[in-house]
Amino acid sequence: MTMTIKLMTEQDLPRVAELLQANAASQNGGLLGEFPLEKVREMFTTSLSVVIAEQNDTIVGVVFSFPWNTNKLPPLVAYINQTFPDIVKNNWLYGPICIDQTFRGGTTLKSLFNGICAQNSGKAIAFINSDNARSLRAHEKLGMTAVAECTFDDTDYIIVSS
């Protein structure tokens, strides 16, 4: 089966929201927060770009990019923006990224990463919970490196850059 990497459209919103919510904290997933349809719609409209991976009309992966200067992002992002201005300057926020569990460990992450990087200029900057060793390793394989660490709401994060 062929996987297609493409820009998300408004018609994709329900399926993207479903994928994100299935991997939300309340579902024992690794994503920060919850993802009801209206939140995902707002994320889509305030993003720089969103790339999806689709196979057999099923969205199996999604990645967002955002400007650092929007006020629609979570408090953690505002904290990073204020604390590390030299890191975020002229760069863009990478994430969230979510891949259906059955497609993890293959080429989907790299394909989504390449797709979103092609849509933006500057470096991709992301934050990863320091307890999420699997995500840290996966992003290391993409060539992202740790550039800073921070603690927010009693959780330690590693900031990575492409």
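All values reported here derive from a predicted model rather than from experimental measurement. (Residues numbered from 1 in each chain as written. Predicted model: local features only at pLDDT ≥ 70, side-chain atom pairs only at ≥ 80, totals over all residues. Heavy atoms only, no water.)

Peer 1: Hey, could you run me through the nonpolar core in this one?
Peer 2: General note: in soluble globular proteins, nonpolar side chains tend to be found buried as a group. In terms of nonpolar packing, the biggest core is built from 34 residues, with Val-16, Leu-20, Val-40, Val-62, Phe-64, Ile-80 and Ile-159 touching the most fellow members. Looking at which element gives the most residues to this core, the answer is helix α1 (residues 13-22), with five residues. If sequence neighbours within four positions are ignored, Ile-80 has contacts with Trp-68, Val-88, Phe-127, Cys-150 and Ile-159. Tyr-94, Ala-126, Leu-136 and Ile-158 belong to the second largest nonpolar core, which has 20 residues in total. (Core = buried A, V, L, I, M, F, W, Y, C linked by side-chain atoms within 4.5 Å. Buried < 20%, exposed > 50% of the residue type's maximum accessible area, 1.4 Å probe, protein only. Helix = DSSP H or I, 4+ residues; strand = E, 2+ residues; numbered from the N terminus. Contact = heavy atoms within 4.5 Å.)

Peer 1: Teacher, can you tell me more about the pairing of strand β3 (residues 58-66) here?
Peer 2: Both faces of the sheet carry side chains from a regular strand, because those side chains alternate between them. In terms of burial, β3 is a largely internal element, eight of the nine residues being buried. Sheet topology places strand β2 (residues 49-55) next to β3; seven bridges connect them, and they run antiparallel. When the sheet's bridge partners are listed, Gln-55 is paired in β3 with Thr-58. Counting the residues between successive antiparallel strands, the hairpin from β2 to β3 contains two residues, one of them, Asn-56, with a positive phi of roughly 50°. The pairing of β3 with strand β4 (residues 92-99) spans five bridges and is antiparallel. Bridging across to β4, Phe-66 finds its partner in Leu-93. (Pairing = 2+ DSSP bridges.)

Peer 1: I would appreciate a short explanation of the sheet that holds strand β7 (residues 155-161) in the present structure.
Peer 2: Across the sheet, which stays open at both edges, the seven strands sit in the order β1-β2-β3-β4-β5-β7-β6 with mixed pairing between neighbours. Where the open sheet ends on each side, the last strands, each with one partner, are β1 (4-7) and β6 (145-152). Adjacent strand axes in the sheet meet at a mean angle of 25°, parallel and antiparallel pairs treated alike. By the bridge criterion, two bridges tie β4 to strand β5 (residues 124-129) in an arrangement that is parallel. Counterpart to Trp-92 in the pairing with β5 is Ala-124. Lying over the sheet, α1 contacts β2, β3 and β4, oriented at roughly 90° with respect to β3. Strands β4, β5 and β7 of the sheet are contacted by helix α6 (residues 133-141), whose axis makes an angle of about 155° with β5. (Axes fitted to C-alpha atoms, helices over the stretch in contact; angles between N-to-C directions.)

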